[in-house]
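Residues per chain are reported as follows:
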Amino acid sequence: MRKDQLILLEQQFVRHSAGNGPFYRPIGGSIELGETSGNALKRELQEESSADIDIARY
């Protein structure tokens, strides 16, 4: 998700392949069996950020 030159990411602090410390990843998860990609996107964003969204361009 972008706004101008910004990208929304989640910051986590755990052990990873480069050692310990922060790393960043896009918010999201996986598509459930039988779920459309658009519905998965809406559901994951709601779960991760409590935000309800409308997909303007897909």
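As shown above, the structure is provided for reference.
Here the structure is a predicted model, which means the values were calculated and not measured.

Observations concerning the overall build of the protein
A count of helical and extended segments in the protein gives one helix and four strands. Here the C-alpha radius of gyration of the protein, 14 Å, is well above what a compact globule of 58 residues would show, namely 10 Å. Seen through its principal axes, the protein has C-alpha atoms that stretch 35 × 30 × 20 Å. Counting the 58 residues in the protein, one finds 14% classified as buried. The long-range fraction of contacts in the protein, counting pairs at least 24 apart against all pairs at least 6 apart in sequence, stands at 2%. Averaging the positions of the 7 positive and the 9 negative side-chain charges in the protein gives two centres separated by 8 Å.

Quick notes on helix α1 (residues 37–49)
Between its terminal C-alpha atoms α1 stretches 18 Å, which fits the 18 Å expected from 13 residues at 1.5 Å a residue. Gly38, Ala40, Arg43, Glu44 and Leu45 are the residues of α1 that are buried.

Observations concerning the pattern of salt bridges
This model, assessed by the stated rule, comprises five salt bridges. Where Glu32 meets Arg43, a salt bridge forms, and the shortest distance between an N and an O atom there is 3.6 Å. Taken together, the residues Glu32 in the loop between β4 (19–26) and α1 and Arg43 in helix α1 connect sequence positions eleven residues apart. A relative accessible area of 46% places Glu32 in the partly exposed class. Overall, the relative accessible area of 17% leaves Arg43 in the buried class. Across the pair Arg43 and Glu35 runs a salt bridge, and its minimum N-O distance is 2.8 Å. Side by side, Arg43 and Glu35 carry an identical accessibility label, which is buried. Each of Glu32, Glu35, Arg43, Glu44 and Glu47 takes part in a single network of salt bridges with overlapping partners.

Focus: the pairing of β4
In this sheet, β4 lies alongside strand β3 (residues 9–16) in antiparallel orientation, the contact comprising eight bridges. Within β4, the residue paired with Gln11 across the bridge is Tyr24. In sequence, β3 turns back onto β4 through a hairpin of two residues.

The rules behind the values
Residue numbering note: each chain is counted from 1, following its sequence as written. Where totals are concerned, whole chains, interfaces and linings use all residues; where local detail is concerned, this predicted model gives features only for residues with pLDDT of at least 70, and gives and counts side-chain atom pairs only at 80 or more. To obtain the side-chain values, all non-hydrogen atoms of the structure were included, while hydrogens and water were left out. Numbering of helices and strands runs from the N terminus; a helix is a DSSP stretch of H or I covering at least four residues, while a strand is a stretch of E covering at least two. Throughout, radius of gyration means the C-alpha value; the globule benchmark is 2.2 Å times the number of residues raised to the power 0.38. Burial classes: relative accessible area under 20% of the type maximum marks a residue as buried, over 50% as exposed, and values in between as partly exposed (1.4 Å probe, protein chains only). By definition in these notes, contact holds between two residues if any of their heavy atoms fall within 4.5 Å. His is not counted, nor are the chain ends; Lys and Arg add positive charge and Asp and Glu add negative charge. Charge positions are represented by NZ for Lys, CZ for Arg, CG for Asp and CD for Glu. How far a helix is expected to stretch is found by multiplying one less than its residue total by 1.5 Å. The salt bridge criterion pairs a side-chain nitrogen of Lys or Arg with a carboxyl oxygen of Asp or Glu, the two atoms within 4 Å. Note: two strands are recorded as paired if DSSP finds a minimum of 2 bridges between them.

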